[in-house]
Amino acid sequence: MDKIIDWIASLTIEHKLKLAENHNTPPEVLKELAKDKEKIVRTEVAGNPSTPPDVLKELAKDGEWLVRWSVAGNPSTPPDVLKELAKDGDEKVRAEVAGNPHTPPEVLEELSNDGELLVRDAAKKGIEGLLRR
């Protein structure tokens, strides 16, 4: 594992981004990239459907709203993580949760009563999507 950490540390940001967005990047590499100091790298890892659930759970706690927004929109994000992100302080994150096709119906119901119009509209669309299934 130390070799992977050293190798990732030696990469340019451009190479890190290519790895972070690649669906074929090994999980252990994505796990290390999720710790990168650059938020854009963490954001790409957060949006990658191949990112392991435990890594998504950690990224959902990131201090940068854009990283949490990417986790919220990732189709691989587990429902329990989406439930937590539905309480996020940023309305863009909550709206992205509402737009995720894997958000549990009870979470969509809660978001449909959100104080922000952006979130309520996204939740309404999410509920409509559920009804079409």
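What counts and what doesn't
- Residues numbered from 1 in each chain as written.
- Predicted model: local features only at pLDDT ≥ 70, side-chain atom pairs only at ≥ 80, totals over all residues.
- Heavy atoms only, no water.
- Core = buried A, V, L, I, M, F, W, Y, C linked by side-chain atoms within 4.5 Å.
- Buried < 20%, exposed > 50% of the residue type's maximum accessible area, 1.4 Å probe, protein only.
- Helix = DSSP H or I, 4+ residues; strand = E, 2+ residues; numbered from the N terminus.
- Contact = heavy atoms within 4.5 Å.
- Axes fitted to C-alpha atoms, helices over the stretch in contact; angles between N-to-C directions.
- Parallel < 35°, antiparallel > 145°, perpendicular 65-115°, else oblique.
- Left-handed = near helix turned anticlockwise from the far one by under 90°.
- Phe/Tyr/Trp six-rings, centres within 6.5 Å; stacked < 30°, edge-to-face > 60°.
- Lys NZ or Arg CZ within 6 Å of the ring centre and 35° of its normal.
- Salt bridge = Lys/Arg side-chain N within 4 Å of Asp/Glu carboxyl O.

**As for the nonpolar core**
Core analysis: the largest hydrophobic core is formed by 32 residues, its most contacted members being Leu33, Val45, Leu59, Val71, Leu85, Val97 and Leu111. Sort the elements by how many residues they give to this core and helix 8 (residues 91–99) lands first, with four residues. Apart from residues lying up to four places away in sequence, Val45 is in contact with Ala20, Leu30, Leu33, Ala34, Thr51, Val55 and Leu59.

**A word on the packing of helix 2 (residues 13–21) against helix 4 (residues 39–47)**
For any two helices packed against each other, the geometry is given by the interaxial angle and the distance between the axes. Remark: helix 2 packs on helix 4, axes separated minimally by 8 Å, with the N-to-C direction vectors making an angle of 15°. Judged by the inter-axis angle, helix 2 sits roughly parallel to helix 4. Helix-helix and strand crossings are classified by hand; for helix 2 and helix 4 the assignment is right-handed. Facing helix 2, whose interface residues are Ile13, Lys16, Leu17, Ala20 and Glu21, helix 4 presents Ile40, Val41, Glu44 and Val45.

**Thoughts on the packing of aromatic side chains**
By the definition in use, this model includes zero aromatic pairs. The lysine or arginine in question, Lys92, covers the ring of Trp65, its NZ or CZ lying 4.5 Å from the ring centre.

**Remarks on the pattern of salt bridges**
A full pass over the atoms with the stated rule returns nine salt bridges. For Glu64, the salt bridge is made with Lys39, and the minimal N-O distance between the two is 3.7 Å. Here Lys39 lies in helix 4 and Glu64 lies in the loop between helix 5 (53–59) and helix 6 (65–73), a separation of 25 residues in the sequence. As a salt-bridge pair, Asp62 and Arg42 come within 2.7 Å of each other at their nearest N and O atoms.

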